[in-house]
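# Inside the fold
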Amino acid sequence: MKTSNNKFILIFIVLASMMCSCTNAESKKESLNIPAYLKAGDSKHIYPTVEQIEMLKKVVPETAFQPAPQASDRAYWDKIANGEEGKVYLEEAVSLLKRKPEVPISDAIYRRANKEGNRKIYKPRYYRTMDRLEKFIIAECIENKGRFIPQVEVYCDSIMAMKSWMHPNHDDRENSVLEGKRVAIDLGARKFGLVLALANALLVDKLPESLRSEITTQLQWRITDSYLKTCKGEDKVGNSWVKSTSNWNSVCTSGTIFSTIVASKNSNERIVAIGCALNSMVYYLSGFGADGYCSEGTGYWNYGFGHYLYLAEILEDYTDGKINLFEFNDPEKLKNVANFPHNFQIHEGMYAPFADGVTRVKSGNDNFAYIMASKHYGAQKQVQFVPDEGVQTLVIWNDGQDYTYSTQTSSKLPEYTYFDDFGILISRGQQQVPFSIAIKAGHNAENHNHSDVGTYVLVLGEDYISGDIGAPSYTAGAFSKNNPARSSWGHPVPRINKSLQSNGIEFKGKILQTSFNKEADNLVMDIKPAYEISGLEKLERSVVNDKTGKGCITITDNFEASESVSFGTAIMVNVDYKIVGDNTIIINSENQKVKVEISSVGGKVIIKDEVVPIKHLRSGKTSYRIGVDFEKPLQKGSISVKYIPVTED
């Protein structure tokens, strides 16, 4: 009898195992094979092919997406209400309850903001309105007393009364969106749509049916129809971001897809929109190097990649894990992208402000991208989650994980990091007060491009000493290629025959040689292709970071031409300095002192300084260009700039 029982148990286990295997195999089979999906597409178009649509039908639900339970689901929301995060969220929403929406804003202010490039008279009110509305929506779900509903209705009506949901700076010069001649989606419009869709999804029994119907109607023509027309190729003007490699693509796509899969009544439309998004993300991710390098800098990595991860989260949730954007078609590259902020540090918490990047990531700022990078890719953990948008908060709450850590994890940075795709070297000094350099080759068509092939940043301890001065503030003319802070004039790179670097992907730097060891890191790059100079035969920039003793860093520019050319380079600073004699400069930062020794081969150089004529640099500091130019034109020569830390005995 015992033997029979054992046989029965064994047979049961085998059958159960077979059933599990079949179930797992079937589940795996149903998951979208993204490489196969992309292969089935038309590379010329974002709109999915018939074959792609059929693949998506197998993994996308027929019902609309519910981003969180409705307010009527008290088991879910009471749990949130009784938790610390829910209490804090509700308290903040209550503090805003008496505020009125700051939109619609008059057409006159819209036109003025468009003409002047003046973001201050529009953008703050624009975003405050959206932020408050999403807080009222979620707070009503938490509290369930109805006191937020009047404001939700007023805010929704105010937003829908706006002629344009776009930020004025993103409309064309004729204000054609404001004038009703076309519809388009930008960074602001996608969020207006997202927040209204959130109201409809969560407050089903609390809002008047007429309001919910109007929200659905407006989301259809302002968001879904606009998006699909662009993806079909029917709108050649609006939403060009669908093929962009910049943060615009991931940010606008994530908001658009959220609104569509939540609000659209047409299941095929929801499927097609997701298909467009997957095809579009090929473009976005191509903007990163295979090594994870983000040419937009750390701030835009957080914004852009954060919204990519948000898109990945909602599609994973919506399809029960059958669409996996966390791996997409290149898991290794995505892991590298996720770890970019850690790898890009010069010293801990300090970054090179290449392009429109930031020098430091402020604590207390939105860190959704960092949290998700930690969760999915093992990236460095943050102390706690700091949300920027309500939907991000819902993602975290739905996840159910505790993202609060007693301390932020960190690890010792390596002696150097080399992003070989873009030609970016971060050479880290190993002294007690480390003296380090970040230098880039890159090209002059990068996202948020500066004409900056060969630019660099020097850091001594906690102080920025010299190099790239960073971005101008976003006012009128900020993105002009002639803006002194955006052109190569405002960067520590050569100027030849009074000509600057040209713009385009073909104007680039090429790494010719590297060597890395404990005593010194060496790099040589060809920066001649960044210039259109007749007769220029050679232009190489070499870098030596001598890590012995207190350290010193030397930048040398070596050129040859078929005829004599005027040649010079520049030292960029936004700290105190003093020109001492013909060949020496003393730089004094807040905590450090560095001597700069200038030497030349081929002729005598002249040092001349001038203020960078930009009133609004993002750093808030006055910057200076210290020109180092040969006195006379030459056919060949070189200029070396040697930075030496000075320790007061």
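Above this text you will find the structure in question.
Residues numbered from 1 in each chain as written. Predicted model: local features only at pLDDT ≥ 70, side-chain atom pairs only at ≥ 80, totals over all residues. Heavy atoms only, no water.

## Thoughts on the pattern of salt bridges
The full count for this structure, using the stated rule, is 27 salt bridges. Of the charged contacts, one joins Asp 131 and Lys 191 as a salt bridge, the two residues approaching to 2.7 Å between their closest N and O atoms. Placement of the pair is Asp 131 in helix H7 (residues 123–143) and Lys 191 in helix H9 (residues 189–202), with a sequence separation of 60 residues. Of the residues examined, Asp 131 reaches a relative accessible area of 26% and is grouped as partly exposed. Exposure remark for Lys 191: the relative accessible area of 2% places this residue in the buried category. Across the pair Glu 134 and Lys 191 runs a salt bridge whose closest N-O atoms are separated by 3.8 Å. Here the residue Glu 134 occupies a position in helix H7, and Lys 191 occupies one in helix H9, the gap between them amounting to 57 residues. Each member of the pair, Glu 134 as well as Lys 191, carries the same accessibility label: buried. Three or more residues are tied together by salt bridges with common partners; here these are Glu 102, Arg 128 and Arg 132. (Salt bridge = Lys/Arg side-chain N within 4 Å of Asp/Glu carboxyl O. Helix = DSSP H or I, 4+ residues; strand = E, 2+ residues; numbered from the N terminus. Buried < 20%, exposed > 50% of the residue type's maximum accessible area, 1.4 Å probe, protein only.)

## Concerning the environment of Ala 373
Position of Ala 373 among the secondary structure elements: in helix H16 (residues 368–377). A C-alpha to C-alpha distance of 34 Å links Ala 373 and Trp 221, two positions 152 residues apart in sequence. Aside from chain neighbours lying at most four places away, what touches Ala 373 is Trp 301, Leu 309, Ala 338, Gly 378 and Ala 379. (Contact = heavy atoms within 4.5 Å.)

## A word on the side chain of Thr 319
Assignment of secondary structure puts Thr 319 in the loop between helix H13 (298–318) and helix H14 (331–338). Separated by 2.7 Å, the side chain of Thr 319 and the backbone oxygen of Leu 315 make a polar contact. Within polar-contact distance, the side chain of Thr 319 engages the backbone nitrogen of Ile 323 at 3.1 Å. If we ignore the near neighbours within four places in the chain, the residues touching Thr 319 are Val 59, Val 60 and Pro 61. (Polar contact = N/O pair within 3.5 Å; in protein donor to acceptor, adjacent residues only side chain to side chain.)

## Quick notes on the nonpolar core
Core analysis: the largest hydrophobic core is formed by 140 residues, its most contacted members being Trp 77, Tyr 227 and Leu 325. Those residues within four positions of Trp 77 in sequence are excluded, and the remaining contacts are Ala 68, Pro 69, Gln 70, Ala 71, Ile 138, Cys 141, Ile 142, Leu 202, Leu 394 and Trp 397. Counting 46 residues, the second largest nonpolar core, distinct from the first, contains Ala 530, Tyr 531, Leu 536 and Val 628. (Core = buried A, V, L, I, M, F, W, Y, C linked by side-chain atoms within 4.5 Å.)

## Overview of the packing of H16 against helix H17 (residues 390–399)
Direction vectors running N to C along H16 and H17 enclose 30°, while the axes themselves pass 11 Å from each other. It follows from the interaxial angle that H16 and H17 lie roughly parallel. Pair H16 / H17 crosses with left-handed handedness. The segment H16 lies against H17, with Phe 368, Ile 371, Met 372 and Lys 375 engaging Gln 392, Val 395, Ile 396 and Asp 399. In terms of residue class, the contact of H16 with H17 is made up of five nonpolar, one polar and two charged. (Axes fitted to C-alpha atoms, helices over the stretch in contact; angles between N-to-C directions. Parallel < 35°, antiparallel > 145°, perpendicular 65-115°, else oblique. Left-handed = near helix turned anticlockwise from the far one by under 90°. Nonpolar A, V, L, I, M, F, W, Y, C, P; charged D, E, K, R; others polar.)

## Quick look at the pairing of strand E3 (residues 435–440)
Each regular strand displays side chains that alternate between the two surfaces of the sheet. Counting buried positions along E3 gives six out of six residues, so the element sits mostly inside the fold. Alternating residues of E3 divide into Phe 435, Ile 437 and Ile 439 and Ser 436, Ala 438 and Lys 440, and every residue in both groups is buried. Of the pairings in the sheet, the one linking strand E2 (residues 424–427) to E3 comprises four bridges and is antiparallel in character. Bridge pairing in E3 places Ser 427 opposite Ile 437. Relative to strand E5 (residues 456–460), E3 is paired through five bridges, and the arrangement is antiparallel. (Pairing = 2+ DSSP bridges.)

## With respect to the pairing of strand E10 (residues 520–526)
Burial of E10 is extensive: six of the seven residues sit out of reach of the surface. Relative to E10, strand E9 (residues 510–516) runs antiparallel, the two being bridged by six bridges. Note that in E10 the partner of Thr 514 across the bridge is Leu 523. As paired elements, E10 and strand E11 (residues 536–546) share seven bridges and run antiparallel to each other. Paired with Asn 522 across the two strands is Val 544, which belongs to E11.

## A few points about the packing of aromatic side chains
For any pair of aromatic rings, the description consists of the separation of the ring centres together with the inter-plane angle of the planes. Applying the stated criterion to the full structure yields 36 aromatic pairs. With a centroid separation of 5.3 Å and 85° between ring planes, the pair formed by Tyr 284 and Phe 288 is classed as edge-to-face. Relative accessible area serves as the criterion here: at 1%, Tyr 284 is assigned to the buried category. Judged by its relative accessible area of 6%, Phe 288 is buried. (Phe/Tyr/Trp six-rings, centres within 6.5 Å; stacked < 30°, edge-to-face > 60°.)

## Things to note about the packing of helix H10 (residues 209–232) against helix H11 (residues 247–263)
Packing of H10 against H11 brings their axes to within 10 Å, and their N-to-C directions diverge by 130°. Of the possible angle classes, the one that applies to H10 and H11 is oblique. The two elements H10 and H11 meet at a crossing, and its hand is left-handed. Here H10 contributes Thr 216, Leu 219, Ile 223, Thr 224 and Tyr 227 to the contact with H11, which in turn contributes Thr 253, Thr 256, Ile 257, Ser 259, Thr 260 and Ala 263. Of the residues contributing to the contact of H10 with H11, the split by class is five nonpolar, six polar and no charged.

## Focus: H16
Buried residues dominate H16, accounting for eight of its 10 residues. Of all the positions in H16, only Phe 368, Ala 369, Tyr 370, Ile 371, Met 372, Ala 373, Ser 374 and Tyr 377 are classed as buried. In this structure, the buried side of H16 is in contact with H13, H14, helix H15 (340–343) and H17. Among the residues trailing H16, Gly 378 stands out with phi positive, at a value near 70°.

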